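Notes for the structure review
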Amino acid sequence: MKLDTSGLNSMVPLYGAEEDSEESILSVPSSFQLPRTTDFDGFQKKAVQMVKPAKGTTTLAFIFKEGVIVSADSRASMGGYISSQSVKKIIEINPYMLGTMAGGAADCQFWHRNLGIKCRLHELANKRRISVTGASKLLANILYSYRGMGLSIGTMIAGWDETGPGLYYVDAEGGRLKGKRFSVGSGSPYAYGVLDSGYRYDMTIEEAAELARRAIYHATFRDGASGGVASVYYVGPDGWKKLSGDDVGDLHYLYYPVTASPVDQEMSEIPVS
Amino acid sequence: MGSRFNPYDNNGGTCVAIAGVDYCVVAADMRMSTGYNILTRNYSKICQLAEKSILASSGFQADVKALQKNLSARHLIYQHQHNKQMSCPAMAQLLSNTLYYKRFFPYYAFNVLGGLDSEGKGCVFTYDAVGSYERVGYSAQGTGSSLIIPVLDNQLKSPSPLLLPAKDAVTPLSEGEAIDLVKDVFASATERDIYTGDQLEVVVMNASGIRREYVSLRKD
């Protein structure tokens, strides 16, 4: 039986023929246009610095007794400028699988959408849903084929399939790790601190969501490139459900309310004659 | 070894778009510069791609022109194949993919797409140079954007769509108020950004159609 290896092909092959890679405007370009230069890496470095694609983030996900919790902030920064406070960093691949976005926003948006298409094609071809293992492998293979070309993606694929809850970390270097607890992004060290110290396997859904919310909040507090709204999603046997979306400014005063500090002596008004 | 051919240049300029309940305002200045020189005071950065989609782009105008031509051609093909105009959200996705296909040799174009969605509500999509995009209520891109966005945030910012439980958006401006706001922010940006000025082109789209207005800005 011939193995179906079509899943290993990327939808947009890397190198086209030497002539103009688009035969006509009618078709999708058969490959990415590359600059004609001898110094590809130098060009990419300069292009990235000039174009300053939006990035900067905190995302996290963990498996616990009831399923998977996925959480992220919503800030996108271009250099030192905040380009958006309302970016959707948790991408709904299908009703039972979520992907998170960290790194280059365009890279993550494009390749997650591409992954959603591939997952749907798999369902149609095989008459059953794709597993989290399979989906993460599809993405990892695509990213590996672009290794070294400057893609910036650090994503987690979280879902519930026939084997139960699944969580994989996939990045643009071609890494793919199965795990129970991950945090990705510029704010991840801060999130790990809170997440690791508060984690227990047997938490209720509310406790787990609160842990995720606090971890994101603390990361946004200390990391300038993270902020906006902390979204928390839960993935269970019936699919994913958005549990909360809270502005991190409001969360600050919720966790650390302003208390009037007692004074030893109060200044009183002196009547002016 | 020293100086190789640089395929990019920045022609400056600023673009703004504001979405209302049943209208959309897209505006851009008309100055085209290179370095410290002004090439022309009368260059339009705005292009109508479809019946309900207007694209405004600042950055490298040669790339912008190529991008506009590419999208117009793709829209014509869509019309031939589907016998209808592309909706604004569909055009938004097409623009994102077109930008990303040049991920390794980007279009140096900072885009704002404005128009009306299929329900007739105003919609604005904002992009970075490689295609990441987001539907927003207002946006500014270009050399004057960091001068303009704080003012728009102050006047127009509404609760984030990511909040749960969802909060109602603040009462939006009327069409006349939005146009006045756009004129004011460009006047301010012209004062402090050397690449913005000369003339302002304002395009307003609503249920009754499209109209265009020109406003003079400082020429210094």
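The present account deals with the structure reproduced in this document. (Residues numbered from 1 in each chain as written. Chains lettered and ligands numbered in written order. Predicted model: local features only at pLDDT ≥ 70, side-chain atom pairs only at ≥ 80, totals over all residues. Heavy atoms only, no water.)

**Details of the nonpolar core**
To keep things clear, this is the line we draw: We call a set of buried Ala, Val, Leu, Ile, Met, Phe, Trp, Tyr and Cys residues a nonpolar core when their side-chain atoms join them within 4.5 Å. Relative accessible area decides the class of each residue, using a 1.4 Å probe on protein chains only: under 20% of the type maximum gives buried, over 50% gives exposed, and in between gives partly exposed. Each helix is a run of H or I in the DSSP string that is no shorter than four residues. Each strand is a run of E no shorter than two, and both are numbered from the N terminus. Contacts are assigned to residue pairs that have any heavy atoms within 4.5 Å of one another.
Among the nonpolar cores identified, the biggest contains 35 residues, and W111, Y146, L151 and I157 of chain A are the most heavily contacted of them. For this core, the elements supplying multiple residues, two or more each, are strand 5 (90–94), helix 2 (105–126), helix 3 (132–145) and strand 8 (164–171) of chain A. Ignoring any residue separated from it by four or fewer positions in sequence, one finds L151 of chain A in contact with D107, W111, L143, Y146 and A172 of chain A together with Y100, R103 and F104 of chain B.

**Concerning the interface of chain A and chain B**
The condition is simple: Accessible surface is computed with a 1.4 Å probe, and the buried area is the amount of it that two parts give up when combined, taken over both parts together. Every case where a carboxyl oxygen of Asp or Glu lies within 4 Å of a side-chain nitrogen of Lys or Arg is listed as a salt bridge.
The interface of chain A with chain B comprises 47 residues on the first partner and 35 residues on the second. For the pairing of chain A and chain B, the buried interface totals around 3500 Å² over both sides, and the portion due to carbon and sulfur atoms is 64%. Taken together, the links from chain A to chain B amount to 1 salt bridge. Mapped by element, the contributors of at least two residues to the side of chain A that touches chain B are helix 1 (40–51), strand 4 (81–84), helix 2, strand 11 (229–236) and strand 12 (239–247) of chain A. Considering every element that reaches the side of chain A that touches chain B, the biggest residue donor is helix 2 of chain A, with 7 residues.

**Let's talk about the pattern of salt bridges**
Side-chain pairing between opposite charges can occur once the charged atoms of the two side chains come close. Residues and elements named next belong to chain A. Applying the stated criterion to the full structure yields 21 salt bridges over all chains. For E123, the salt bridge goes to R120, with nearest N and O atoms at 3.0 Å. Here E123 pairs with R120, and both are found in helix 2, just 3 residues apart, close to one helical turn. Judged by its relative accessible area of 21%, E123 falls in the partly exposed class. Among the ionic pairs, R213 bridges to D246, the shortest N-O distance being 3.3 Å. Of this pair, R213 sits in helix 5 (residues 205–222) while D246 sits in strand 12, and the two are 33 residues apart along the sequence. A single salt-bridge network, built from bridges that share partners, covers E210, R213, R214 and D246.

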